[in-house]
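Spelled out from the first residue to the last, the chains are:
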Amino acid sequence: MGFQNSHSGADIAEISKGRVSEDPTGLEMDERDRDLLQRQRELEDLDDNTKVNWEMIKKLTVCGVAFLNDAYDMFAINIVAMILGFVYYHDAEGAAQNTVPKKWDTLIKIAVQIGCLLGQLVLGRLGDKVGRTTVYAASLMIAIITTIASAFSNSMVKGFNVFIVLFIWRVLLGFGIGGDYPLTATIVSEYASPKRRGMFISAVFSCQGFGNVLAPIVGIIVTACFKSGIDNDVRNLDYVWRLIIGLGCLPGVATLYWRLTMEDSKRYQMETAKAAAANADEDMLREKLLAKQPRFEGKSDEESSAESPKEVIDAALGEERPRRAKTFSQYFGEWRHLKVLLGTSIAWFALDVAFYGINLNSSIVIEAIGFAGNIHEDKPSHFITRNCLGSIIINILGSVPGYWITVFTIEKLGRKTIQLMGFGMLTILYIVLGFAYHKILDKSVAGFIVLFTLAQLFQNFGPNVTTFVIPGEVFPTRFRSTAHGISAAAGKLGAIVAQGGFMQLKDRGGKNQFIDHLLEIFALFMLIGFFVTFWIPESKGKTLEEICDEREEYY
């Protein structure tokens, strides 16, 4: 028999602030409600005493650098794939010259997404079980080691070429990167005050925009360093792509010590101790009852056999049974909690189908606006530099501003409002770009750039940021990292579907001739994201315990 709490979350909040002296029903307050009241008072004191200090700045810096580093590692593959075409296919004939075959291009671009999906699930769960900061440090060490190993990828044996080796190392790299998603969001969420929590989480995530820009900047610098050698022998580009990948470990190395010395938040420590104590109290009472009444005195053999020991013990405990922490399956077995997890997961999946479908293939957009150059006639150094510049321009025009508009408005507009607005605008923009793709490009390249820039803007001043922020707030502390990891993994599944599925169709009917239909498909996914957002609660200005309603974590 489960315990039904006689107080609403609002009632207990009122009592904790001294405005209610007794149960609104007129009954004496249950001792278990007093425990919850004490717990809420402790957490309120924790939130009230949360101030921006050096320790907070250090944690935000570490987490921000993590996402800069992750974005660099993920999106540098656009430049690397282009360079690999010159290195390994410079002597191919016709249209295949200087271009990585589609199967290898897909393989190396999808690798990190596969690893991320696995890392988000596994390391996210470990973050709840082992501790946030322990797993957070381990994920960085995995990423550093595999980044360096990726830079030394080479053909090993016959049938095991450089692309397969690079794929393997980048899957492992993705596993390390995957842990950053749930753990970063959870760490920042549990340290920040309710008034600044959304701003801090989104600011950390927005460093991803700097990583997107840093990758092509490094590409330009390294290419310039080897320019004369590249122009004399294109095979010298082999040094360039390895350096671009290898330099990606430097931000992580710079913050490794800080990660290793981070401590779990007091909120996490309090919650895990409380859940363990609640379960231990009931287990102890059960053991005492079993020791004192092994034969369940007062019952005949027939009555004893008719009821299981568990049922008899439950009856004996009655209303004195201590509050027991729900398991993950018990908590999310209830629709009101499951729909929130489905909402965060489906929204992230829908968003990433379009986000990674476009951003992992930015060269298509650069080519569409006439900025790419000629891969067969231009000097390799010129072609690479021009494409890197195009990537920088695209990101600076829409992506980076979108991130930071969200940072400065999320506490005013709210997470749900921004996500609904973003999905709504993206639906409209992808419909326009999809159904009028060729007409717009034929009549006005500038018009296409404006529409594409708006789409990039509303990706980030919209669901790309909020799908990361919301799962870090709307789940209980004991399940927060796990649930965020599930939501993020759903997003990476969307990225895999986009790159491994939809983007394979882009050349149907001729080179890039199916892009308009892909944009139409992306519009449909944005519409799905819009509707599932209504399953998600608004978390603006609320404490983590108010959002999750802590009563629901125990029975």
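Residues numbered from 1 in each chain as written. Predicted model: local features only at pLDDT ≥ 70, side-chain atom pairs only at ≥ 80, totals over all residues. Heavy atoms only, no water.

1. Points about the overall build of the protein
No. 1: Counting secondary structure elements, the protein contains 24 helices and zero strands.
No. 2: Burial analysis of the protein (555 residues in total) assigns 55% to the buried set.
No. 3: Residue pairs at least 24 apart in sequence account for 84% of intrachain contacts in the protein once pairs closer than 6 positions are excluded.
No. 4: Summed over all atoms, the accessible surface of the protein reaches about 23200 Å², with 62% contributed by carbon and sulfur. (Helix = DSSP H or I, 4+ residues; strand = E, 2+ residues; numbered from the N terminus. Buried < 20%, exposed > 50% of the residue type's maximum accessible area, 1.4 Å probe, protein only. Contact = heavy atoms within 4.5 Å. Areas by Shrake-Rupley, 256 points an atom, 1.4 Å probe, with all protein chains shown as cover.)

2. Quick notes on the side chain of threonine 406
No. 1: By the element assignment, threonine 406 lies in helix α17 (residues 380-413).
No. 2: Non-local contacts of threonine 406, meaning those with residues more than four positions away in its chain, are made with Ser202, Ile418, Asn460, Phe461, Gly462 and Val465.

3. Section: the pattern of salt bridges
No. 1: Counted under the stated rule, the structure contains 13 salt bridges.
No. 2: With its nearest N and O atoms 2.4 Å apart, the salt bridge here joins aspartate 128 to arginine 132. Comparing aspartate 128 with arginine 132 shows no difference in burial state: the two are buried.
No. 3: Arginine 132 sits in the buried class, given a relative accessible area of 1%.
No. 4: Through salt bridges with shared partners, a single network forms among Asp128, Arg132, Glu190 and Arg480. (Salt bridge = Lys/Arg side-chain N within 4 Å of Asp/Glu carboxyl O.)

4. Some words on the layout of surface pockets
No. 1: For the largest pocket, the calculated volume is near 840 Å³.
No. 2: The wall of the largest pocket is formed by 33 residues, among which Thr99, Ser363, Glu367, Lys506 and Lys511 lie closest to the centre.
No. 3: Within the residue set of the lining of the largest pocket, elements represented by two or more residues are α3 (54-89), α4 (102-129), α16 (362-368) and α17.
No. 4: Partitioning the lining of the largest pocket into residue classes produces 12 nonpolar, 14 polar and seven charged. (1 Å grid on protein atoms, 1.4 Å probe; cavity = no way out; pocket = protein on both sides within 12 Å on 5 of 7 lines; lining within 4 Å. Points joined across faces, edges and corners; volume = space filled by probe spheres on them. Nonpolar A, V, L, I, M, F, W, Y, C, P; charged D, E, K, R; others polar.)

5. Focus: the environment of aspartate 105
No. 1: By the element assignment, aspartate 105 lies in helix α4.
No. 2: Separated by 27 residues in the primary sequence, aspartate 105 and asparagine 78 have C-alpha atoms spaced 9.3 Å apart.
No. 3: Apart from the residues lying within four places of it in its own chain, the contact partners of aspartate 105 are Ala81, Val100 and Gln499.

6. Some thoughts on the nonpolar core
Proteins that are soluble and globular tend to have nonpolar side chains buried together.
No. 1: If you look at the biggest cluster of nonpolar residues, it comprises 77 residues, and the most contacted ones within it are Tyr136, Tyr181, Tyr430, Phe448, Phe468, Leu519 and Phe522.
No. 2: In this structure, Met82, Ala151, Phe163 and Trp241 belong to the second largest nonpolar core, which totals 33 residues. (Core = buried A, V, L, I, M, F, W, Y, C linked by side-chain atoms within 4.5 Å.)

7. As for helix α20 (residues 445-460)
No. 1: With 16 residues, α20 should cover 22 Å at 1.5 Å per step; its first-to-last C-alpha distance of 23 Å lies within 8% of that length.
No. 2: Among the residues of α20, those classed as buried are Phe448, Leu451, Phe452, Thr453, Ala455, Gln456, Leu457, Phe458, Gln459 and Asn460.
No. 3: At its buried positions, α20 is contacted by α15 (335-359), α16, α17, α18 (415-435), α19 (437-443) and α21 (463-469). (Expected span 1.5 Å × (residues − 1).)

8. Here's the deal with the environment of leucine 457
No. 1: You can see leucine 457 is positioned in helix α20.
No. 2: Judged by relative accessible area, which is 17%, leucine 457 ranks as buried.
No. 3: A C-alpha to C-alpha distance of 7.9 Å links leucine 457 and tyrosine 403, two positions 54 residues apart in sequence.
No. 4: Ignoring any residue separated from it by four or fewer positions in sequence, one finds leucine 457 in contact with Gly398, Pro401, Gly402 and Ile405.

9. Quick notes on the confidence of the model for the protein
No. 1: Chain-level statistics for the protein give a pLDDT mean of 83 and a share of 80% at 70 or above.
No. 2: No element of the protein has a lower mean pLDDT than helix α1 (residues 9-16), which averages 42, and none a higher one than α21, which averages 97.
No. 3: Note that pLDDT drops below 50 for residues 1-30; the model gives that stretch 45 contacts with residues more than four away or on any other chain. (pLDDT = per-residue confidence, 0-100.)

10. Topic: the side chain of glutamate 473
No. 1: Position of glutamate 473 relative to the elements: it lies in the loop between α21 and α22 (480-500).
No. 2: Not counting residues within four places of it along the chain, the set of residues in contact with glutamate 473 comprises Ser189, Arg197, Gly198, Ile201, Arg415, Ser539, Leu544, Ile547 and Cys548.

11. Comments concerning unusual backbone geometry
No. 1: In this model, asparagine 98 sits at a positive phi of 65 degrees, which is unusual for a non-glycine residue.
No. 2: Its place among the elements puts asparagine 98 in the loop between α3 and α4.
No. 3: Residue classification places asparagine 98 among the buried residues on the basis of a relative accessible area of 8%.

12. Details of the packing of aromatic side chains
No. 1: Scanning the entire structure with this criterion turns up 33 aromatic pairs.
No. 2: Where phenylalanine 75 meets tyrosine 356, the ring centres are 5.7 Å apart and the plane angle is 15 degrees; that geometry is what we call stacked. Remark: tyrosine 356 occurs in helix α15 and phenylalanine 75 occurs in helix α3; sequence separation between them is 281 residues. For the pair formed by phenylalanine 75 and tyrosine 356, the shared burial category is buried.
No. 3: Look at phenylalanine 530 and phenylalanine 531: their rings are 5.5 Å apart centre to centre, the planes differ by 85 degrees, and that puts the pair in the edge-to-face class.
No. 4: We classify phenylalanine 530 as partly exposed; its relative accessible area is 24%.
No. 5: Of the aromatic side chains, those joined through ring pairs into one cluster are Phe67, Tyr181, Phe205, Trp348, Tyr403 and Phe468.
No. 6: Positioned above the aromatic ring of tyrosine 136, the side-chain terminus of arginine 259 is 3.8 Å from the ring centre.
No. 7: Over the face of the ring belonging to phenylalanine 514 we find arginine 508, whose NZ or CZ atom lies 5.5 Å from the ring centre. (Phe/Tyr/Trp six-rings, centres within 6.5 Å; stacked < 30°, edge-to-face > 60°. Lys NZ or Arg CZ within 6 Å of the ring centre and 35° of its normal.)

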